[in-house]
Amino acid sequence: MALATRGFPLLLTFELDAETIWTARDPAYAARPVLMSQGAYGWKIGIWRVIDLLRRYALQATFFVPGIVVEQRPQVIEALLRDGHEIAHHGHTHAAVETLTEAAERAEMEHGIAAIRRATGAPPRGYRSPSGELSRRTPALLRDYGFGYASNFRDDDSAYLLEVAGAPTDIVELPCRAVMDDATFFEHAPVLPDRVMQPPAAVLDVWTSELDTLEAEDRLMVLTLHPALIGQPSRLPVLDGIIQHALSTGDVWIGRCDEISDDLRPRLLAGG
Ligand SMILES: [Zn+2]
């Protein structure tokens, strides 16, 4: 029996980091306008291509957006909400949570929640760490702040319930691996000298293979995508291609993280 009621779950998750992808690494980067403009491509150009593509298939997705980007780009947030997309928590300044004091981590949580609540009318349901890492206290904070799901760990290909200090919660973890992250293949910048751009066709091949195996095993697939990267002309066809491949299999549910985690939670709580 399929774990989710509406088919194999494919979660298209987007991180709209904008300029925070650089300022969170080093505040001094704010004085490098061309580097910063590489982040601006996400909200100026890439996001609109992504929105158009999702609209063509009538799909809804989840967008993890740092609080200050929510505040700075209301026209983007309004466009996402108009099309039924979900806005979820991705820190406030994209600061790496594992480097923060408890007070600073709480401030990142609270400011990010407040920014999303002001823009959408409701607090965010889900959380993804901006740095791909958590602090030891993050899971307890997610429970205390009332999150319904999170998407951070790399230890499984199926959803599970997050534990806090050995005690189960009802927070659904949607694990994500680096091989399903566009940044692994496409991120490239003068301040990241080790990164080499990969050919888009190779990435589509990797993701198609992932999807086929994950679907055959009745698990789920979480793609992590950045509009600044996947929204470039040679790369958008990778997203289009994986959507087409998923739809061609006939039994795939491409949906928002909040909907899919709400669907999975009762069976996870029941031990299924
Ligand atoms: Zn990010």
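Analysis parameters
- Within each chain, residues carry numbers counting from 1 in the order of the written sequence.
- Residue-level local features of this predicted model are given only where pLDDT is at least 70; pairs of side-chain atoms are given and counted only at 80 or more, and the full residue set underlies all totals for whole chains, interfaces and linings.
- For the side-chain quantities, the full set of heavy atoms in the structure was used; hydrogens and water were omitted.
- Salt bridge, as used here, is a side-chain nitrogen of Lys or Arg placed within 4 Å of a carboxyl oxygen of Asp or Glu.
- Elements are defined by DSSP. Helices are runs of H or I of four residues or more, strands are runs of E of two residues or more, and each kind is numbered from the N terminus.
- Each residue's exposure class comes from its accessible area (1.4 Å probe, protein chains only) as a fraction of the maximum for that residue type: buried when under 20%, exposed when over 50%, partly exposed otherwise.
- Aromatic rings from Phe, Tyr and Trp, with only the six-membered ring used for Trp, were paired whenever their centres fell within 6.5 Å, and each pair was classed as stacked if the ring planes differed by under 30 degrees, edge-to-face if by over 60, and tilted otherwise.
- In this analysis the charged atom, NZ for Lys or CZ for Arg, is taken to sit over a ring once it is within 6 Å of the ring centre and within 35 degrees of the ring normal.
- Coordinating N, O and S atoms are those within 2.8 Å of the metal (3.2 Å for Na, K and Ca), and as water is not part of the atoms, a site may appear to have fewer donors than expected.
- By definition here, a helix of n residues has an expected span of 1.5 Å times n minus one.
- Here, residues are in contact when the closest pair of their heavy atoms is within 4.5 Å.
- In summary, the charge assignment counts Lys and Arg as positive and Asp and Glu as negative, without counting His or the chain termini.
- Each polar contact in these results corresponds to two N or O atoms within 3.5 Å; when the atoms are within protein, one needs to be able to donate a hydrogen and the other to accept it, and residues that are neighboring in sequence are counted only if both atoms are side-chain atoms.
- The axes used here are C-alpha line fits, helices contributing only the stretch in contact, and every angle between their N-to-C directions lies in the interval 0 to 180 degrees.
- Angles are sorted into four bins: roughly parallel if under 35 degrees, roughly antiparallel if over 145, roughly perpendicular if 65 to 115, and oblique for all others.
- Under the scheme applied, nonpolar residues are Ala, Val, Leu, Ile, Met, Phe, Trp, Tyr, Cys and Pro; charged residues are Asp, Glu, Lys and Arg; polar residues are all the others, including Gly.
- DSSP calls a pair of strands paired once it identifies at least 2 bridges connecting them.
- Two helices crossing with the near one rotated counterclockwise from the far one by less than a right angle form a left-handed crossing, whereas a clockwise rotation gives a right-handed crossing.

Evaluation of the coordinates by the stated rule reveals 18 salt bridges. Across the salt bridge formed by Glu 102 and Arg 106, the nearest N and O atoms sit 3.3 Å from each other. Here Glu 102 and its partner Arg 106 are both found in helix α5 (residues 102-120), four residues apart, which amounts to about one turn of the helix. Using a relative accessible area of 40% as the deciding quantity, one classes Glu 102 as partly exposed. When its relative accessible area of 29% is taken as the criterion, Arg 106 is described as partly exposed.

Okay, the packing of aromatic side chains next. For the structure on display, the rule yields three aromatic pairs. Measuring from centroid to centroid gives 4.7 Å for Phe 14 and Phe 63, while their planes differ by 10°, and the two rings are stacked. Taken as a pair, Phe 14 in strand β1 (residues 8-15) and Phe 63 in strand β2 (residues 62-65) lie far apart in primary sequence, 49 residues in all. One exposure class covers both Phe 14 and Phe 63, and it is buried. Cation over ring: Arg 73 sits above Trp 43, and NZ or CZ is 3.5 Å from the ring centre.

This paragraph deals with the coordination of the zinc ion. Taken together, the protein ligands of the zinc ion are Glu 15 (OE), Asp 17 (OD), Asp 17 (OD), His 90 (NE2) and His 94 (NE2), with distances of 2.1 to 2.7 Å. Of note, the donors binding the zinc ion are all from one chain and are spaced E-x1-D-x72-H-x3-H. A residue pair is termed long-range when its members are at least 10 positions apart, and Glu 15 in strand β1 and His 94 in the loop between β3 (86-89) and α5 qualify at 79 residues. Assigned by exposure class, Glu 15 and His 94 land together as buried.

Taking 1.5 Å per residue as the helical rise, helix α2 (residues 33-56) with its 24 residues ought to reach 34 Å, and the 34 Å between its terminal C-alpha atoms agrees with that figure. Leu 35, Met 36, Gly 39, Ala 40, Gly 42, Trp 43, Gly 46, Ile 47, Val 50, Ile 51, Leu 53 and Leu 54 are the residues of α2 that are buried. Along its buried surface, α2 packs onto β1, α1 (20-23), β2, α4 (74-82), α9 (227-230) and α10 (236-248). Directly beyond the C-terminal end of α2, a positive phi value near 55° is found at Ala 58.

Position of Glu 108 among the secondary structure elements: in helix α5. Although Glu 108 is buried, it makes no salt bridge; Arg 137 carries the closest opposite charge, 12 Å away. A polar contact of 2.7 Å, which involves the side chain of Glu 108, links it to the backbone nitrogen of His 92. One polar contact links Glu 108 to Thr 93, side chain to side chain, over a distance of 2.8 Å. For Glu 108, the contacting residues outside a window of four places in its chain are His 89, Gly 91, His 92, Thr 93, His 94, Ala 95 and Leu 100.

Turning to the environment of Leu 10, a few remarks are in order. By secondary structure assignment, the location of Leu 10 is in strand β1. As a C-alpha pair, Leu 10 and Arg 256 span 246 residues in sequence and 9.0 Å in three-dimensional space. Discounting chain neighbours no more than four positions away, the residues touching Leu 10 are Leu 211, Met 221, Leu 223, Ala 246, Val 252, Trp 253, Ile 254, Gly 255 and Ile 260.

Next up on the list: the packing of α2 against α4. Direction vectors running N to C along α2 and α4 enclose 5°, while the axes themselves pass 11 Å from each other. Taken together, the axes of α2 and α4 lie roughly parallel to each other. Residues Trp 43, Ile 47, Trp 48 and Ile 51 of α2 touch α4, and the partners they reach there are Gln 75, Val 76, Ala 79 and Leu 80. Its residues assigned to classes, the contact of α2 with α4 shows seven nonpolar, one polar and no charged.

Burial along β2 is two-sided: the residues Thr 62 and Phe 64 and Phe 63 and Val 65 are all buried. The pairing of β1 with β2 spans three bridges and is classified as parallel. Its bridge partner being in β2, Thr 13 is matched across the sheet by Thr 62. One ladder, built from four bridges, connects β2 with β3; its direction is parallel. Looking at the pairing, Val 65 lines up with His 89 of β3.

Moving on to the packing of helix α8 (residues 200-216) against α10. Between α8 and α10, whose axes approach to 9 Å, the crossing angle comes to 25°. Judged by the angle between their axes, α8 and α10 are roughly parallel. Remark: the crossing between α8 and α10 carries right-handed chirality. Across the interface between the two elements, Pro 200, Val 203, Leu 204, Trp 207, Thr 208, Leu 211 and Asp 212 from α8 touch Val 238, Gly 241, Ile 242, His 245 and Ala 246 from α10.

Purely spatial values, then, with no claim about function.
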